[in-house]
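Commentary on secondary and tertiary structure
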Amino acid sequence: YVAIYELSKVLPLIDNYLYFYRRFIDDGICVWLHDANPTQDASNWKEFQSIINDSGLQWTFVNPCKKVTFLDMTIEIENNKVVTSLYAKPMALYQYIPPSSCHPPGVLTGLVLGQVLRIFQLSSRDQDINNELRLFHKRLIDRGYSHDGLVPLFVKGIDNAKSYMALSQVQREARKKAKVGRSDEHV
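All values reported here derive from a predicted model rather than from experimental measurement.

What counts, and at which threshold
- For every chain, the first residue of the written sequence is number 1, and numbering continues from 1 along that sequence.
- Totals for whole chains, interfaces and linings use every residue, but because this is a predicted model, local features are given only for residues with pLDDT of at least 70 and side-chain atom pairs only at 80 or more, for both listing and counting.
- The side-chain quantities take in all heavy atoms of the structure and omit both hydrogens and water.
- Residue types Ala, Val, Leu, Ile, Met, Phe, Trp, Tyr and Cys, when buried and joined through side-chain atoms within 4.5 Å, form a set referred to as a nonpolar core.
- Accessibility here uses a 1.4 Å probe with only protein chains present; expressed as a share of the type maximum, an area under 20% marks a residue as buried, one over 50% as exposed, and anything in between as partly exposed.
- Each helix is a run of H or I in the DSSP string that is no shorter than four residues. Each strand is a run of E no shorter than two, and both are numbered from the N terminus.
- It only takes one pair of heavy atoms within 4.5 Å for two residues to be counted as in contact.
- Whenever a carboxyl oxygen of Asp or Glu lies within 4 Å of a side-chain nitrogen of Lys or Arg, that contact is scored as a salt bridge.
- Stacked, tilted and edge-to-face are the three classes assigned to paired rings of Phe, Tyr and Trp, where Trp is represented by its six-membered ring and a pair needs centres within 6.5 Å; plane angles under 30 degrees give stacked, over 60 edge-to-face, the rest tilted.
- Charges are assigned to positions over rings by a cutoff of 6 Å between ring centre and Lys NZ or Arg CZ, combined with an angular limit of 35 degrees from the ring normal.
- Here, strands pair whenever DSSP counts at least two bridges between them.
- For helices, the fitted line uses only the C-alpha atoms of the stretch in contact; every axis is such a line through C-alpha atoms, and the angle between N-to-C directions lies from 0 to 180 degrees.
- Here roughly perpendicular refers to angles of 65 to 115 degrees, roughly parallel to angles under 35, roughly antiparallel to angles over 145, and oblique to all remaining angles.
- Two helices that cross are described as forming a left-handed crossing if the nearer one is turned anticlockwise from the farther one by less than a right angle, and a right-handed crossing if clockwise.
- For this scheme, ten residues count as nonpolar: Ala, Val, Leu, Ile, Met, Phe, Trp, Tyr, Cys and Pro. Four count as charged, namely Asp, Glu, Lys and Arg, and the remainder, Gly too, count as polar.

Focus: the nonpolar core
The biggest cluster of nonpolar side chains holds 18 residues, and the ones touching the most others in it are Val112, Val116, Leu133, Phe136, Leu140, Leu150 and Phe154. Within the residue set of this core, elements represented by two or more residues are helix 3 (106-122), helix 4 (126-142) and helix 5 (147-166). At six residues, the largest contribution of residues to this core is made by helix 3. Discounting chain neighbours no more than four positions away, the residues touching leucine 150 are Leu108, Val112, His137, Leu140, Ile141 and Tyr145. Within the second largest apolar cluster, 11 residues are counted, among which are Tyr5, Val10, Trp32 and Ile51.

Encoded structure:
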């Protein structure tokens, strides 16, 4: 229902009040186009909130700002550039599969390689990447994994992530397409 409402009432606001708009279930984010007149801008903001809330749902809004948390990311404008970093709720438990689990060993490899790539993709600054890698390693150690067993996985994950991040979007799409073809051949 919300998607149908958005098509008719919200998306027409693109290029008027909004530069960008996305929603995932009950979380939304938009880039607001400010009016040069502060009074008109405030009026536009109130009208936008009213249009969104006329859908039958009551949304909570954060006033336009240069830093916002959306899903698992913090997004901010710093020196006229968009900068992203990972965000986790303070109550996050990080209950990774323990080493005593009967899962095949490849599950840990997939977890580490996938999480390392996620850290590289969602963090703009090197210091944030390094901090998140340290935290992830510590959380796995706290869960019972050995440092010696994790180091080769982290090295491989970092190498893979750096290689992937160096690819152009066209190269990434080609790699993805080739993988889909291969997976279709498996039983």
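Considering the pattern of salt bridges
Following the criterion strictly, the structure yields six salt bridges and no others. Measuring nitrogen to oxygen at the nearest pair gives 3.1 Å for the salt bridge that ties arginine 125 to glutamate 78. Placement of arginine 125 in the loop between helix 3 and helix 4 and of glutamate 78 in strand 4 (residues 73-78) is noted, with a sequence separation of 47 residues between them. Owing to a relative accessible area of 18%, arginine 125 belongs among the buried residues under this scheme. On the accessibility criterion, glutamate 78 (34% relative accessible area) is partly exposed. The partner of aspartate 142 in a salt bridge is lysine 138, and the shortest N-O contact between them spans 2.7 Å. One end of the pair, aspartate 142, and the other, lysine 138, are both in helix 4, four residues apart, so they sit about a helical turn from each other. Residues joined in a network through salt bridges with shared partners are Glu76, Glu78, Arg125 and Asp128.

Some thoughts on the packing of aromatic side chains
Under the definition given, this model contains nine aromatic pairs. Between tryptophan 32 and tryptophan 45, the aromatic rings sit 5.1 Å apart at their centres with planes inclined by 85°, giving edge-to-face as the arrangement. With tryptophan 32 in strand 2 (residues 27-32) and tryptophan 45 in helix 2 (residues 38-53), the pair connects residues that are 13 residues apart, well separated along the chain. Each member of the pair, tryptophan 32 as well as tryptophan 45, carries the same accessibility label: buried. Ring centres of tyrosine 96 and phenylalanine 136 lie 5.4 Å apart, and the angle between their planes is 75°; this geometry places the pair in the edge-to-face category. Of this pair, tyrosine 96 sits in the loop between strand 5 (81-86) and helix 3 while phenylalanine 136 sits in helix 4, and the two are 40 residues apart along the sequence. Exposure class is identical for tyrosine 96 and phenylalanine 136. Each is buried. Chaining the aromatic ring pairs together yields one cluster made of Tyr17, Trp32, Trp45, Phe48 and Phe61. In this structure, arginine 139 packs its charged tip against the face of tyrosine 94, placed 3.6 Å from the ring centre.

Points about the sheet that holds strand 5
Read from one edge to the other, the open sheet built from three strands follows the order 3-4-5, with strand pairing classed as antiparallel. Looking along the sheet, the strands with just one partner apiece sit at the ends: strand 3 (67-70) and strand 5. Here the average twist between neighbouring strands, direction ignored, is 25°. Sheet analysis places strand 3 next to strand 4, joined by four bridges and oriented antiparallel. By the bridge assignment for strand 4, threonine 69 is matched with threonine 74.

Thoughts on the packing of helix 3 against helix 4
Put simply, helix 3 and helix 4 touch, their axes get as near as 9 Å, and they point 155° apart. With respect to each other, helix 3 and helix 4 are oriented roughly antiparallel. Like other packed secondary-structure pairs, helix 3 and helix 4 cross with a definite hand, here right-handed. Between helix 3 and helix 4, the residues in contact are Leu111, Val112, Gln115, Val116, Ile119 and Phe120 and Ile129, Glu132, Leu133, Phe136 and Leu140, respectively. Residue composition of the contact of helix 3 with helix 4, by class: nine nonpolar, one polar and one charged.

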